[in-house]
Amino acid sequence: MKKTFKFTALLFMFAMVTITMQSCKRDPSIMKIFVRSNSNQLENNAKVVIIGDVNSTPATKAYVDTLFTNSTGFATFDMTDYFGEKPPKGEVGYFDIIVKKDTKVGYGRIRCRANITNVETIIMEP
């Protein structure tokens, strides 16, 4: 009887530790920007610039990053540098988006939340 109780208690403690460890893992903070032409075609090798809107409410920290879209037409920004390793729950940032390729330009805006994949599509005008 004692062995069964000890085994059950040990199994319960192991389960609680495992659940606690998994709940500490957070999803990454990702910003994914799709770029399309005015004819709705995905654009590769387009320059995507994100700029933190310091005049937003709530205020966004100053932040600028630049990437080029991949062969499938999107750029993925890892926002860990902006939010940090353990951001407060519900932290957000507002960003302006500028996209350029050849003579085409597109503009947009995105609200980025911590620990979520945030997605926006920008359509470039000729």
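Residues numbered from 1 in each chain as written. Predicted model: local features only at pLDDT ≥ 70, side-chain atom pairs only at ≥ 80, totals over all residues. Heavy atoms only, no water.

Here we look at the overall build of the protein
(1) Moving on: Counting its secondary structure elements, the protein contains 2 helices and 7 strands.
(2) Moving on: Beginning at the N terminus, the succession of helices and strands in the protein can be written as α-β-β-β-β-α-β-β-β.
(3) Moving on: Burial statistics for the protein: of 126 residues in total, 32% are counted as buried.
(4) Moving on: For the protein, the proportion of contacts with a sequence separation of at least 24, taken over those separated by at least 6, is 55%.
(5) Moving on: Accessible area of the protein: about 8,600 Å², with a carbon and sulfur share of 58%. (Helix = DSSP H or I, 4+ residues; strand = E, 2+ residues; numbered from the N terminus. Buried < 20%, exposed > 50% of the residue type's maximum accessible area, 1.4 Å probe, protein only. Contact = heavy atoms within 4.5 Å. Areas by Shrake-Rupley, 256 points an atom, 1.4 Å probe, with all protein chains shown as cover.)

Details of the side chain of S29
(1) Moving on: Following the sequence through the fold, S29 ends up in the loop between α1 (2–24) and β1 (30–36).
(2) Moving on: Among the polar contacts listed, one links the side chain of S29 to the backbone nitrogen of N115, at a separation of 2.7 Å.
(3) Moving on: Discounting chain neighbours no more than four positions away, the residues touching S29 are F77, D78, M79, T80, F83, A114, N115 and I116. (Polar contact = N/O pair within 3.5 Å; in protein donor to acceptor, adjacent residues only side chain to side chain.)

Re the packing of aromatic side chains
(1) Moving on: Following the criterion strictly, the structure yields 5 aromatic pairs and no others.
(2) Moving on: Here the aromatic rings of F34 and F74 are separated by 5.2 Å at their centres, their planes lie at 50°, and the arrangement is tilted. On the criterion of sequence distance, the pair formed by F34 in strand β1 and F74 in strand β4 (residues 74–78) is long-range, its members being 40 residues apart.
(3) Moving on: Accessibility expressed as a relative area gives 22% for F34, which makes it partly exposed.
(4) Moving on: F74 sits in the buried class, given a relative accessible area of 18%.
(5) Moving on: Taking 5.2 Å as the distance between ring centres and 75° as the angle between the ring planes, the aromatic pair formed by Y82 and F95 counts as edge-to-face. With Y82 in helix α2 (residues 80–83) and F95 in strand β5 (residues 92–101), this residue pair connects regions lying 13 residues apart in the sequence. (Phe/Tyr/Trp six-rings, centres within 6.5 Å; stacked < 30°, edge-to-face > 60°.)

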